[in-house]
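# Examining the three-dimensional arrangement
Here are the chains, one letter per residue:
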Protein chains: 2
Amino acid sequence: MISNLVSRIRASVAQALPAGDGAVVLAVSGGADSMCLADAALAMHGDTPAFVIAHLNHQLRGAESDGDAQFVQAFAAQRGVPCEVGNVDGVALAASRKVSIEVAARDARYAFLAEVATKHGATRVALAHHADDQAETVLLRLLRGTGPAGLRGMQPTSPMHNAPQLIAVRPLLRITRSEIEQYCRACKLDWRHDTSNDALHHTRNRVRHELLPLLAQYNPNIRATLTRLADTLASDYEIVESATREMFDRIAIEENHTVKVDRKAWRALGAGLQRAMLREAVRRLKGDVTQLSYAAIEEAREVLNSDAGAGEIALMTDVRIDVRWRAFSIYILDF
Amino acid sequence: MISNLVSRIRASVAQALPAGDGAVVLAVSGGADSMCLADAALAMHGDTPAFVIAHLNHQLRGAESDGDAQFVQAFAAQRGVPCEVGNVDGVALAASRKVSIEVAARDARYAFLAEVATKHGATRVALAHHADDQAETVLLRLLRGTGPAGLRGMQPTSPMHNAPQLIAVRPLLRITRSEIEQYCRACKLDWRHDTSNDALHHTRNRVRHELLPLLAQYNPNIRATLTRLADTLASDYEIVESATREMFDRIAIEENHTVKVDRKAWRALGAGLQRAMLREAVRRLKGDVTQLSYAAIEEAREVLNSDAGAGEIALMTDVRIDVRWRAFSIYILDF
């Protein structure tokens, strides 16, 4: 049973980290999840990528934090893998940047991972986020009011937000925390208290310790339910994306920082594709749509679907729609 | 401000209930929501459908229940609208059918509404479900683990589950309970304690009184967040549905109670369309997909995506997939 679990986790990690281009940075805090990730990665056979272990000491827990760093270094040495350890004063950093400790620690960690990747010619950074993290992320985003795109949760691979030329890979996204601990015990892997939890966001902490236990009274499998929801939304989203791109090519043109849309053709679409087309236009013009509000889309749709002949709509502070009878043009104010 | 609200609600109701074919049954418990619905419907001008008010006395609260029925009858008489009042013994019905009181009451109510519709040649039944109900429904379905289709919540129009030839219309789905009470006060409409809440499902009650208040600590607008999620999922779902139908026509054929799919073409699809195609096949063969599990779809996908040459997959207890190299056929065992 347990050895099945070990092979399953190792297979997931191997599949997520094919030899491919360049080395892979393994982000290792020393907690059970990242020890499992590192062990499974280093157990790969045949044509594997080169690995380098990276550990950032946030110095949030004094001697214990130093102990974590030494623990990770010893593990890397024993496995014969290069290891980079960085140091930041998490508290001082938070104070000087005027942000919370969790934000300062996370930003410093991602900056450090990108640095290590550059130094070692790595193109990918493997992160130990697991299914329990995913369930919390989905729930947090649900509470915050993100749409279907956000409810897909963390993706198995995604560009790193602070260094988009690097790919973040999350091979453990479908493995639960309890399976990870079983793995560590079965493989006689030691682990340290996970320091990244020290700087856990207050809300995530409440979600983990208050909300999820309450939801489990309604549905004992709530974590699995939430990760499955993320999965199905991700696969539906993929369909929506490709239908949107297809429609975009059919009824819109992008040129000179402007997206021009055939208004009559757009009006014939259902609400779903109408919304998706406006989002897609903003995505092409600005690169991301996180600041585009649902309410603004709905207001724009109301005007565009009405008989209003000519006018201007503010879709975002710096994005306007020039409305005409036959077409409307979406453009950025800067240009 | 309030009179804006009154016109907005009346406009929603008028838009949801165009003159169209046949009369409209207004389901009126006597609570604020159904009184608002009835008043707004009866305030319609011009070319309106004929209305008939229907009230079922579940006899769950003795004299008070009788009072509700008299209240609704008096309202109908005052407005000059035909009114049908039915009587059932909710407790006895639950005991004889061996179901909970809430299930017995709900089933009896829907059966009665269908009866009234038939008697009066009505094709539509207007129900007073509002935005707060919708938020609870979305949350309940989320907890239960329904996929994106279920998370769309209640639809503005849908076939009645017990009488699919009738359309259930929900004109108040975007109006909150508090707006409905404002409407009633502004229009000097009296209302009774909502008897349908007496037979409220235990879990819905807990969601309303325990879970939603807790979630509101994380996000004060949690109800609006949930109803907006339902809206966006509904519009994305519409895109998924139409992309699925299009792909179905391209790579599948339905004949003799069998859906035959070009396996190579299916394998070239993303996970989203692969899942959607299997669901669509079952929907065409069986009429609904509520019993089709996510796990069964994933197991079938694994086999169909593998190099397995020939074999059989049980997709449901009565649905099989006959797997061949070039194609696979989905069929119902009965046939």
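Above this text you will find the structure in question.
All of the points below concern the structure found in this document. (Residues numbered from 1 in each chain as written. Chains lettered and ligands numbered in written order. Predicted model: local features only at pLDDT ≥ 70, side-chain atom pairs only at ≥ 80, totals over all residues. Heavy atoms only, no water.)

The next subject is the nonpolar core. With 64 residues, the main nonpolar core has Ile330(A) and Ile330(B) as its most contacted residues. Non-local contacts of Ile330(B), meaning those with residues more than four positions away in its chain, are made with His257(B), Thr258(B), Val259(B), Leu278(B), Ala281(B), Leu285(B), Leu315(B), Val319(B), Arg320(B) and Ile321(B). Formed by 36 residues, the second largest nonpolar core is a distinct cluster that contains Leu142(A), Leu140(B), Leu212(B) and Ile222(B). (Core = buried A, V, L, I, M, F, W, Y, C linked by side-chain atoms within 4.5 Å. Buried < 20%, exposed > 50% of the residue type's maximum accessible area, 1.4 Å probe, protein only. Contact = heavy atoms within 4.5 Å.)

Glancing now at the environment of Glu280(A). Residues and elements named next belong to chain A. Tracing the backbone shows Glu 280 in helix α12 (residues 271-286). The exposure class assigned to Glu 280 is buried, which follows from its relative accessible area of 5%. Sequence spacing of Glu 280 and Val 259 is 21 residues, and the spatial spacing of their C-alpha atoms is 9.7 Å. Contact partners of Glu 280, with chain neighbours within four places excluded, come to Thr 244, Arg 245 and Phe 248. (Helix = DSSP H or I, 4+ residues; strand = E, 2+ residues; numbered from the N terminus.)

Turning to the environment of Leu229(B), a few remarks are in order. Following the sequence through the fold, Leu229(B) ends up in helix α10 (residues 222-251). Spatially, the C-alpha atoms of Leu229(B) and Leu151(B) are 8.0 Å apart, while their sequence positions differ by 78 residues. Setting aside chain neighbours within four positions, we find Leu229(B) in contact with Leu142(A), Thr146(A) and Leu151(A).

What follows deals with the interface of chain B and chain A. Facing 39 residues of chain B, the contacting portion of chain A comprises 39 residues. Roughly 3500 Å² is buried in total at the junction of chain B and chain A, and carbon and sulfur atoms are behind 66% of that figure. If you look at where chain B meets chain A, you find zero salt bridges. Elements represented by at least two residues in the side of chain B that touches chain A include exactly α6 (131-144), α7 (148-151), α9 (202-218), α10 and α12 (271-286) of chain B. Ranked by residue count, the leading element in the side of chain B that touches chain A is α10(B), at 14 residues. Looking at the side of chain B that touches chain A, its residues break down into 19 nonpolar, 10 polar and 10 charged. (Buried area = accessible area lost by both parts, 1.4 Å probe. Salt bridge = Lys/Arg side-chain N within 4 Å of Asp/Glu carboxyl O. Nonpolar A, V, L, I, M, F, W, Y, C, P; charged D, E, K, R; others polar.)

Turning our attention to the pairing of strand β1 (residues 23-27) of chain A. Residue and element names in this part refer to chain A. Among the five residues of β1, five are classified as buried, and the element is accordingly described as predominantly covered. On β1, burial covers both faces: Ala 23, Val 25 and Ala 27 on one face and Val 24 and Leu 26 on the other are all buried. The sheet contact formed by β1 and strand β2 (residues 51-57) spans four bridges and is parallel. Across the sheet, the residue bridging to Ala 27 is Ala 54, located in β2. The handedness of the β1 to β2 crossover, carried by helix α2 (residues 32-42), is right-handed. (Pairing = 2+ DSSP bridges. Right-handed = clockwise from strand over helix to strand, strands pointing away.)

This paragraph deals with the pattern of salt bridges. Residue and element names in this part refer to chain A. A full pass over the atoms with the stated rule returns 56 salt bridges over all chains. The partner of Asp 107 in a salt bridge is Arg 97, and the shortest N-O contact between them spans 3.0 Å. Placement of the pair is Asp 107 in helix α5 (residues 101-119) and Arg 97 in helix α4 (residues 90-97), with a sequence separation of 10 residues. Of the residues examined, Arg 97 reaches a relative accessible area of 39% and is grouped as partly exposed. Across the pair Arg 204 and Glu 136 runs a salt bridge, and its minimum N-O distance is 3.1 Å. One end of the pair, Arg 204, is in helix α9 (residues 202-218); the other, Glu 136, is in helix α6 (residues 131-144), with 68 residues separating them in the sequence. Taken as a pair, Arg 204 and Glu 136 share a single burial class, namely buried. Each of the salt bridges in this network shares a partner with another, and the network as a whole consists of Asp 132, Asp 133, Glu 136, Arg 204, Arg 208 and Arg 223.

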